[in-house]
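So you can see what is in the structure, the chains are spelled out below.
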Amino acid sequence: MGMHEYIQGLTNLETLNRAPGFFKYQEHTVAAHSFKVAEIAQLLGDIEEERGQSVNWQRLYEKALNHDYTERFIGDIKTPVKYATHELRKQLAGVEATMTQNFIDNEIPEFLQKRYARRLSEGKDDTLEGQILSVSDKIDLLYESFGEIQKGNPQTVYLDIFRESITTIIRFKELNSVQYFLSDILPDLLNEEFTDKQRLVAITQELLKD
């Protein structure tokens, strides 16, 4: 038993596309998403630390880098399907947890199992690092949907994703890093040139007002 299967899984994530079933001008893989989320989490962690918060950097990097590794087992399921019912969401989470535990038991050397049980568990918890992960995940999704809107993708699902991403980010508005994102980064995104600009700006302003 070695770490071959774990490393091989990293390659598998390079071939696993996000948001399957929707037309996209640009595909995004789970591997690329994990890298971007780690970079965004690093930025948000820097902001929190500069504002006086104590950041556990090992915990943050582990959560960000590994948060979607277990999608190698069940793939990236469409969000509307994944969240169709609370019961379905619980069942999918149960299947993923069982497959992850079997993977750890059978493929991870015993002396590393506790570490990887921690790394491959659900990272979005109530800790500062877990909250940063939740926000970073949605910021990357926001940019992915914005990229499709900017390119003129006619599917309305990307407007829905954009709206849902901002809604989730706003739920963490007590974080210094989220306040910075909303006041300094999001306006720059909306200043980009694209066809549906007025509509997107109006949606954003309405969500921020609420």
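A short tour of the structure in this document, coming up.

Reading the values: rules and limits
- Residues numbered from 1 in each chain as written.
- Predicted model: local features only at pLDDT ≥ 70, side-chain atom pairs only at ≥ 80, totals over all residues.
- Heavy atoms only, no water.
- Helix = DSSP H or I, 4+ residues; strand = E, 2+ residues; numbered from the N terminus.
- Rg over C-alpha atoms; globule rule 2.2 N^0.38 Å.
- Buried < 20%, exposed > 50% of the residue type's maximum accessible area, 1.4 Å probe, protein only.
- Areas by Shrake-Rupley, 256 points an atom, 1.4 Å probe, with all protein chains shown as cover.
- Lys, Arg positive; Asp, Glu negative; His and termini not counted.
- Charge placed at Lys NZ, Arg CZ, Asp CG, Glu CD.
- Axes fitted to C-alpha atoms, helices over the stretch in contact; angles between N-to-C directions.
- Parallel < 35°, antiparallel > 145°, perpendicular 65-115°, else oblique.
- Left-handed = near helix turned anticlockwise from the far one by under 90°.
- Contact = heavy atoms within 4.5 Å.
- Nonpolar A, V, L, I, M, F, W, Y, C, P; charged D, E, K, R; others polar.
- Core = buried A, V, L, I, M, F, W, Y, C linked by side-chain atoms within 4.5 Å.
- Phe/Tyr/Trp six-rings, centres within 6.5 Å; stacked < 30°, edge-to-face > 60°.
- Polar contact = N/O pair within 3.5 Å; in protein donor to acceptor, adjacent residues only side chain to side chain.
- Salt bridge = Lys/Arg side-chain N within 4 Å of Asp/Glu carboxyl O.

1. Concerning the overall build of the chain
- Broken down by element type, the chain carries 11 helices and 0 strands.
- Ordering the α and β elements of the chain from the N terminus gives α-α-α-α-α-α-α-α-α-α-α.
- The C-alpha radius of gyration of the chain comes to 18 Å, within 12% of the 17 Å expected for a compact globule of 210 residues.
- In terms of principal-axis extent, the alpha carbons of the chain reach across some 55 × 45 × 30 Å.
- Residues classed as buried in the chain amount to 44% of the 210 residues present.
- Summed over its atoms, the accessible surface of the chain is roughly 11600 Å², and 51% of this surface lies on carbon and sulfur atoms.
- Seen as two clouds, the 24 positive and the 35 negative side-chain charges of the chain have centres 3 Å apart.

2. A closer look at the packing of helix 10 (residues 176-190) against helix 11 (residues 197-209)
- It is the contact of helix 10 with helix 11, at a shortest axis distance of 11 Å, that shows an interaxial angle of 160 degrees. With respect to helix 11, the axis of helix 10 lies roughly antiparallel. The two elements helix 10 and helix 11 cross, and the hand of that crossing is right-handed. Every residue of helix 11 that contacts helix 10 at L182, L186 and L190 is listed here: K197, L200, V201, T204 and L208.
- Per-class residue counts for the contact of helix 10 with helix 11 are 6 nonpolar, 1 polar and 1 charged.

3. Let's talk about the nonpolar core
- Ranked by size, the top nonpolar core spans 39 residues in total, and within it V135, F162, I169, F181, L186 and L200 carry the most contacts.
- Ranked by residue count, the leading element in this core is helix 8 (residues 128-150), at 9 residues.
- Other than its neighbours up to four places away in sequence, L200 contacts F146, I149, L159, F162, L190 and F194.
- Counting 12 residues, the second largest nonpolar core, distinct from the first, contains M3, L13, F73 and I108.

4. Notes on the packing of aromatic side chains
- One pass over the structure, following the stated rule, counts 6 aromatic pairs.
- Seen in terms of ring centroids, W57 and Y61 are 5.6 Å apart; in terms of plane orientation they differ by 35 degrees. Their pairing is tilted. Placement of both W57 and Y61 in helix 3 (residues 57-66) is noted, with a separation of 4 residues, approximately one turn of the helix.
- You can call Y61 partly exposed: its relative accessible area is 30%.
- On the basis of an interplanar angle of 85 degrees and a centroid distance of 5.1 Å, the ring pair of F146 and F194 is categorised as edge-to-face. In this pair, F146 sits in helix 8 while F194 sits in the loop between helix 10 and helix 11, placing the two residues 48 residues apart along the sequence. Taken individually, F146 and F194 each receive the classification buried, so the pair is uniform in this respect.

5. Digging into the environment of Q42
- Here Q42 lies in helix 2 (residues 30-50).
- Distance in space between the C-alpha atoms of Q42 and A117 is 23 Å, their sequence separation being 75 residues.
- Dropping the residues within four chain positions of it, Q42 is found in contact with W57 and Y61.
- Within the local environment of Q42, its side chain forms a polar contact with the side chain of Y61, the two groups lying 2.7 Å apart.

6. Quick notes on the pattern of salt bridges
- Taken as a whole and judged by the stated rule, the model has 14 salt bridges.
- A salt bridge links K36 to D140, with the shortest nitrogen-to-oxygen separation between them at 3.2 Å. Of this pair, K36 sits in helix 2 while D140 is found in helix 8, placing the two residues 104 residues apart along the sequence.
- Overall, K36 belongs to the partly exposed group, its relative accessible area being 24%.
- Through salt bridges that share partners, R18, K36, D140 and E144 make up one connected network.

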